[in-house]
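Working through the structure, step by step
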Amino acid sequence: MRKFTQGFYGYVFAMAVCLAAVGLFLLVTPQSRTEHIPRVDYSIALADLRRTAPFLVWSPEPVAAGWIPNSSKNTSANGVTTWRLGFATAKRFHAMLAQSNEKPEAEFANRLSNTSTVTGTVQINGVTWEQRVREDKNQRSLVRFLPDVTIVVTGTAPWDELSTLAGSLKQLPKNTS
């Protein structure tokens, strides 16, 4: 017995016992091979925003097929209302819609797109959007300035998916109930 508790053979025996225990643990532990992306229901936040925001709210109508809404944050302070709605896209990139009545508008757009440099413009459903790119963060952004709200569509998603989100936006009427 002393042969298995000391020296090189003891070390090999202890390693074999540990590896067998780890293998047994992995064998009996349930493992999921399916992706899990948390899904949020943003309908209540949207209804609240439509009732309280000092601007007409824009929302994706309908949400693109295969897209999963996974975050929604509504903030209001000092007369500034902001809504951020995040998605996992069909290609499993990140895209976010942000809108706010923050002034100055350019600061909001610069902060959300992580750059103040406009790299071009693009027409989406007859509407002109600014394009911005932040290469080191792999972030692309579409920005639209309206009189009462600034809209930023941003994320790691490719341009076609960001354009899909921007193109799906519909301005919703005020909710007075």
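Notes on the structure follow. Bear in mind that the values here come from a model prediction, so they are computed numbers and not experimental data.

What to know about the side chain of threonine 150
Following the sequence through the fold, threonine 150 ends up in strand S8 (residues 150-155). Sequence-distant contacts of threonine 150, defined by excluding residues within four places in its chain, comprise Ala98, Gln99, Ser100, Glu105, Phe108, Ala109, Val143, Arg144 and Phe145.

Here's the deal with the nonpolar core
Of all hydrophobic cores here, the largest spans 27 residues; its most connected members are Trp83, Leu97, Trp129, Ile151 and Val153. Excluding residues within four positions of it along the chain, leucine 97 makes contact with Trp58, Pro60, Trp83, Arg84, Leu85, Ile151, Val152, Val153, Leu165 and Leu169. Counting residues in each nonpolar core, the second largest holds 7 residues, with Met96, Ala109, Leu112 and Val152 among its members.

Quick look at the environment of threonine 75
With respect to the helices and strands, the residue threonine 75 is situated in strand S2 (residues 68-77). With 42 residues separating them along the chain, threonine 75 and threonine 117 place their C-alpha atoms 26 Å apart. Here threonine 75 is in contact with Val80, Thr81 and Thr82, once residues within four sequence places are set aside.

Quick look at the sheet that holds S8
Spatial ordering of the open sheet is given by S2-S3-S4-S8-S7-S6-S5, a layout of 7 strands whose pairing is antiparallel. The sheet is open, and its two borders are formed by S2 and strand S5 (120-124), each paired with just one other strand. Here the average twist between neighbouring strands, direction ignored, is 20 degrees. Bridging between strand S6 (residues 127-134) and strand S7 (residues 139-145) involves 5 bridges; their strand directions are antiparallel. Bridging from a neighbouring strand, glutamine 131 pairs with leucine 142 of S7. Along the sheet, helix H5 (residues 159-168) makes contact with strand S3 (80-88), strand S4 (94-100), S5, S6, S7 and S8, crossing S7 at roughly 25 degrees.

Definitions and limits used
Residues numbered from 1 in each chain as written. Predicted model: local features only at pLDDT ≥ 70, side-chain atom pairs only at ≥ 80, totals over all residues. Heavy atoms only, no water. Helix = DSSP H or I, 4+ residues; strand = E, 2+ residues; numbered from the N terminus. Contact = heavy atoms within 4.5 Å. Core = buried A, V, L, I, M, F, W, Y, C linked by side-chain atoms within 4.5 Å. Buried < 20%, exposed > 50% of the residue type's maximum accessible area, 1.4 Å probe, protein only. Pairing = 2+ DSSP bridges. Axes fitted to C-alpha atoms, helices over the stretch in contact; angles between N-to-C directions.

Purely spatial values, then, with no claim about function.
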